[in-house]
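The chain contents come next:
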4 protein chains.
Amino acid sequence: MPVPPQVTEFTAREEELLAVTLELLRESGYDRLTVDEVAARAHASKATVYRRWPSKADLVVAAFSHGVRQVARPPDTGSLRGDLLRLGELITEQARLHGSAIAGMLPEIQRSERLRAVFEQEFFHERRALIHQVLRNAVDRGEIRPDVISDEIWDVLPGYLVFRSMVPGRAPTSDTVRALVDEVLLPSLTRDSGT
Amino acid sequence: MPVPPQVTEFTAREEELLAVTLELLRESGYDRLTVDEVAARAHASKATVYRRWPSKADLVVAAFSHGVRQVARPPDTGSLRGDLLRLGELITEQARLHGSAIAGMLPEIQRSERLRAVFEQEFFHERRALIHQVLRNAVDRGEIRPDVISDEIWDVLPGYLVFRSMVPGRAPTSDTVRALVDEVLLPSLTRDSGT
Amino acid sequence: MPVPPQVTEFTAREEELLAVTLELLRESGYDRLTVDEVAARAHASKATVYRRWPSKADLVVAAFSHGVRQVARPPDTGSLRGDLLRLGELITEQARLHGSAIAGMLPEIQRSERLRAVFEQEFFHERRALIHQVLRNAVDRGEIRPDVISDEIWDVLPGYLVFRSMVPGRAPTSDTVRALVDEVLLPSLTRDSGT
Amino acid sequence: MPVPPQVTEFTAREEELLAVTLELLRESGYDRLTVDEVAARAHASKATVYRRWPSKADLVVAAFSHGVRQVARPPDTGSLRGDLLRLGELITEQARLHGSAIAGMLPEIQRSERLRAVFEQEFFHERRALIHQVLRNAVDRGEIRPDVISDEIWDVLPGYLVFRSMVPGRAPTSDTVRALVDEVLLPSLTRDSGT
DNA sequence: TCATAAGCGAGACGGTACGTCGTGTCTTACG
DNA sequence: CGTAAGACACGACGTACCGTCTCGCTTATGA
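A brief report on the enclosed structure follows. Since we're looking at a predicted model, the values are computed, not measured.

### Observations concerning the interface of chain A and chain B
On the chain B side, the residues contacting the 45 residues of chain A number 45 residues. Between chain A and chain B, roughly 3900 Å² of surface is buried when both sides are summed, and carbon and sulfur atoms account for 61% of that area. Of all residues in chain A, Glu-152, Pro-168 and Glu-183 of chain A give up the largest surface area on contact with chain B, accounting jointly for 17% of the area buried on that side. Summed over the shared surface of chain A and chain B, the number is eight salt bridges. Across the salt bridge formed by Asp-31 of chain B and Arg-111 of chain A, the nearest N and O atoms sit 2.4 Å from each other. For the interface between chain A and chain B, the tally reads 18 residue pairs in polar contact (both at pLDDT 80 or more). Put simply, the parts of the chain that give the side of chain A that touches chain B at least two residues each are α1 (12-32), α5 (80-111), α6 (113-140), α7 (156-166) and α8 (174-189) of chain A. Partitioned by chemical class, the residues of the side of chain A that touches chain B number 19 nonpolar, 12 polar and 14 charged.

### So, the interface of chain D and chain C
Between chain D and chain C, the contact holds 46 residues from the first and 45 residues from the second. Here chain D meets chain C over a buried area of about 3800 Å², counting both sides, of which 60% is carbon and sulfur. Among the residues of chain D in contact with chain C, Glu-152, Pro-168 and Glu-183 of chain D are the three that bury the most area, contributing 17% of the side total. Here chain D and chain C share eight salt bridges between them. Note that Glu-152 of chain C is salt-bridged to Arg-164 of chain D, the shortest N-O span being 3.3 Å. For the side of chain D that touches chain C, the secondary-structure elements that each account for two or more residues are α1 (12-32), α5 (80-111), α6 (113-141), α7 (156-166) and α8 (174-189) of chain D. The residue makeup of the side of chain D that touches chain C, split by class, is 19 nonpolar, 12 polar and 15 charged.

### Regarding the pattern of salt bridges
Scanning the model with the defined rule gives 76 salt bridges over all chains in all. Between Arg-41 of chain C and Glu-37 of chain C there is a salt bridge, and its shortest N-O distance comes to 3.4 Å. Pair noted here: Arg-41 of chain C and Glu-37 of chain C are both in helix α2 (residues 35-41), with a separation of four residues, about one helical turn. Here Arg-41 of chain C falls in the partly exposed class, since its relative accessible area comes to 31%. Among the residues examined, Glu-37 of chain C registers a relative accessible area of 32% and is labelled partly exposed. Among the charged side chains, a salt-bridge network with shared partners connects Glu-23, Glu-27, Glu-37 and Arg-41 of chain A.

### Some words on the side chain of Asp-58 of chain C
By secondary structure assignment, the location of Asp-58 of chain C is in helix α4 (residues 56-67). Here Asp-58 of chain C is in contact with Trp-53, Arg-114 and Leu-115 of chain C, once residues within four sequence places are set aside.

### Digging into unusual backbone geometry
Peptide bonds are trans in most cases, and residues, glycine excluded, mostly fall at negative phi. One non-glycine residue, His-43 of chain B, lies in the positive phi region at around 50°. With respect to the secondary-structure elements, His-43 of chain B resides in the loop between α2 (35-41) and α3 (46-52).

About the cut-offs
- Residues numbered from 1 in each chain as written.
- Chains lettered and ligands numbered in written order.
- Predicted model: local features only at pLDDT ≥ 70, side-chain atom pairs only at ≥ 80, totals over all residues.
- Heavy atoms only, no water.
- Contact = heavy atoms within 4.5 Å.
- Buried area = accessible area lost by both parts, 1.4 Å probe.
- Salt bridge = Lys/Arg side-chain N within 4 Å of Asp/Glu carboxyl O.
- Polar contact = N/O pair within 3.5 Å; in protein donor to acceptor, adjacent residues only side chain to side chain.
- Helix = DSSP H or I, 4+ residues; strand = E, 2+ residues; numbered from the N terminus.
- Nonpolar A, V, L, I, M, F, W, Y, C, P; charged D, E, K, R; others polar.
- Buried < 20%, exposed > 50% of the residue type's maximum accessible area, 1.4 Å probe, protein only.

Right, dumping it as structure tokens:
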């Protein structure tokens, strides 16, 4: 069952550090970002950073999760297609901003149990809840049958868009989202038999 | 138009270095891999490595591209579903091995024009040709109509599987592939109207 | 006019690094000494070394200058001959210890304006003042006339001894010093006509 | 007893390599000179160089010894003072050209028994013979007594001049030579009592 | 006239040091 | 007492040079 979001609260200083981190993340990507630069730009000491987050990866994951929390509201356009398109656009926007940053973080997250927990807690569940909310709304409207919703591959929409934003020269566009929704997702969700 | 694959040839020494690199890549991931260790394990000098590949990123991209070239034969099981499942399994296998390594490389590839060219030359076109071959075969067999093949999102299958292999705790399995093929791809490819 | 000695002060960490450097200099000579080994032996990081001295040459020049500063007291034995012999012995001792190290440093010093300045500041002026003090004392005692003191070749004593300590198989001994003083320097300093 | 000079003979190719080496030695000094550059400039292969001389130090010592052999004729101006001045000028010229190169070679020579032998064979004895010849001539002319000739410090003239040419900012001039001869050497050689 | 060998130019190679930079820990001094 | 400033240990990166080596080409001889 989905763990409740339970959003972490931050002090003003922490918010500031996260904001600077996110800014640098967008400018430089994960690997080029340095903690020294974060500290310098925030007129902070490295010790202050490390007191709050035990590693660069923790800092960046926190900044990223915190920074993308604004997508948290599920769209409600009145139709499944509209909701999916809207969701796709939002994800595309985020992914284009942070695409390669995400890629850089992933290996670190893989290696650390704690980071994995933070990542799931702060990011994963939120996104999953969003998707399921959109699909439930469609079921309620009678657009799709509940049994077409698969738990195995619920994240095709965000997953593929994120993939595209990480691969060089293939950053997703509105056309990408439209094609994905119309040619893949809707045929899948409105197919005759759910497994 | 697709550039011809034109596979790069390597000397024996180079093959050896790439093999060692790939081995270390699997063990340690991109960021933990060190050129010193590659050189040491291959009883080579760092100069030998850097003479051939100008940076760690170049080395690893070369090793990766070269290492996954074995998937180059398109499957031909006689049915679209069989081909897609087989392809998905192959990709899954590769992706599970190198998932986080790919993630680590991507930011570097993004930043370097040269690396981007190498990546496309050695990896991207090959995979794309594979997918299209499978789809063309299905068209020839009359299983699908040619107009359902989209150039915008031809890489949903590999893209989503690679995404899954990079995200912590979501490494794809056979069930993932089956669900993806049966619940998403086939409904998409056999839908009524193209585009 | 001679620049005031103005001895550079060092922190404890720096003193430690210089001591280790001097030790290694004696063991290995300039060219065989490695910064890595200095750092390792001082349980220091290379960055710590390079933060203070911008190159191996700077480090070694600093260590050498600092290390030989102990000869700084001019001898006062009561006679010119005694003073010269004592001074020669001191120089011989130093030169035998660091002979080839000095040789190794010189080309680097030649090439760097900064190193040249450091060398003169820390080493050259000090030695020159020493010699002149000894000669002035002899003048005061009435042993020699002031006009025999040449500014062109004031450093024959240290220069020749250092030369001897650098040339293979000719390291200077007490006999060398005695011969130099009795057969060369004293006849020169007590000759009839100055200039 | 002095070993006979026994000058080494070289083939045309070897002469060429030595000439290029000497040229580079003057341009770059010992440490900056690279065997690669010697080979490149002589359109030779490194193997060709190393076939003849087993190390960079051997090559450079050979080039240096060979290059300065032209000073080999003892001057005969008719007076000791003239001979010493002439000799000093010749040495000064050589030393100014190769001063820092000599310094760079010395540590290597110190470390290698073979190089020491070569150095003595090719350079040391020759210079020593030169000095003694000049002094013997003065004895023959009745200018000095034979017992003022010391074997301990026969090389004050070349030694001090070489020293001066190695120390930064103190390259010897004609004035240096004149002062050395008139104020030091002649008073020493014409003093009343030999040791 | 052609074949086989010896020498050479070219340059890859293993090893090792240099000097730079980033992480994460720590100490010091200030407010 | 927290924090800014920044020194510090560790270790990787990419560069350069030394001395060894292998590969072809060329030239110099022997059948």
